Amino acid sequence: VQLQASGGGLVQAGGSLRLSCVASGRTFSSYVMGWFRQAPGKEREFVATITRSGGITAYADSVKGRFTISRDNAKNTVYLQMNSLKPEDTAVYYCAAGDSLGVLRLDNTYRYWGQGTLVTVSS
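Since this is a predicted model, take the numbers as computed values, not measurements. (Residues numbered from 1 in each chain as written. Predicted model: local features only at pLDDT ≥ 70, side-chain atom pairs only at ≥ 80, totals over all residues. Heavy atoms only, no water.)

Q: Please set out the state of the cysteines residue by residue, giving values where relevant.
A: Simply put, the disulfide is a covalent bond whose two ends are the sulfur atoms of two cysteines. Applying the stated criterion across every chain yields a total of one disulfide. Disulfide partner of C21: C95, at an S-S distance of 2.0 Å. The S-S bond linking C21 to C95 shows a torsion near 60°; that makes this disulfide right-handed. Taken together, the residues span a long stretch of sequence, with C21 in strand 3 (residues 17–23) and C95 in strand 9 (residues 91–98) at a distance of 74 residues. A residue is classified by how much of its surface remains accessible, and C95, at 0% relative accessible area, is buried. (Disulfide = S-S within 2.5 Å. Helix = DSSP H or I, 4+ residues; strand = E, 2+ residues; numbered from the N terminus. Buried < 20%, exposed > 50% of the residue type's maximum accessible area, 1.4 Å probe, protein only.)

Q: Tell me about the environment of A74, and please be specific about residues and values.
A: Its place among the elements puts A74 in the loop between strand 7 (67–72) and strand 8 (77–82). For A74 and R26, which are 48 residues apart along the polypeptide, the C-alpha to C-alpha distance reads 9.7 Å.

Q: Which residues make up the sheet that holds strand 1 (residues 3–6), and what values do they have?
A: Pairing within the open sheet is antiparallel, and its four strands lie in the order 1-3-8-7. Lying at the two open borders of the sheet, with one neighbouring strand each, are strand 1 and strand 7. Looking at each pair of strands side by side, their axes are set apart by 15° on average, direction ignored. Bridge count between strand 7 and strand 8: six bridges; the pairing is antiparallel. Within strand 8, the position partnered with I69 by the bridge is L80. (Pairing = 2+ DSSP bridges. Axes fitted to C-alpha atoms, helices over the stretch in contact; angles between N-to-C directions.)

Interpretation note: all reported values are geometric properties and have no functional meaning in isolation.
Okay, structure coming up:
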């Protein structure tokens, strides 16, 4: 599976962005999908995850209530809608695909990774 993330950019605090991640191949619906981020000088951290059918989602406490993960299996795409953005959300955001019946929060449980898209939130 190859993953291509897009949608990053520069936005003011309080604004919104929607990230997309398109997967190649015909097995997208068999993977749990996740979003992670890495800020400058910091370790990569979990943001959100969604099960294969999209029925269950999970979020990091820092983004809960502001970010929404969703997927469209017909389009091989997972999305991350980010609202009420804060300067501390500035990071490179990565999408990832993993094998599981449930959600995955740990980055070492994901098998495939996209190249990342930069989100910059100005104050």
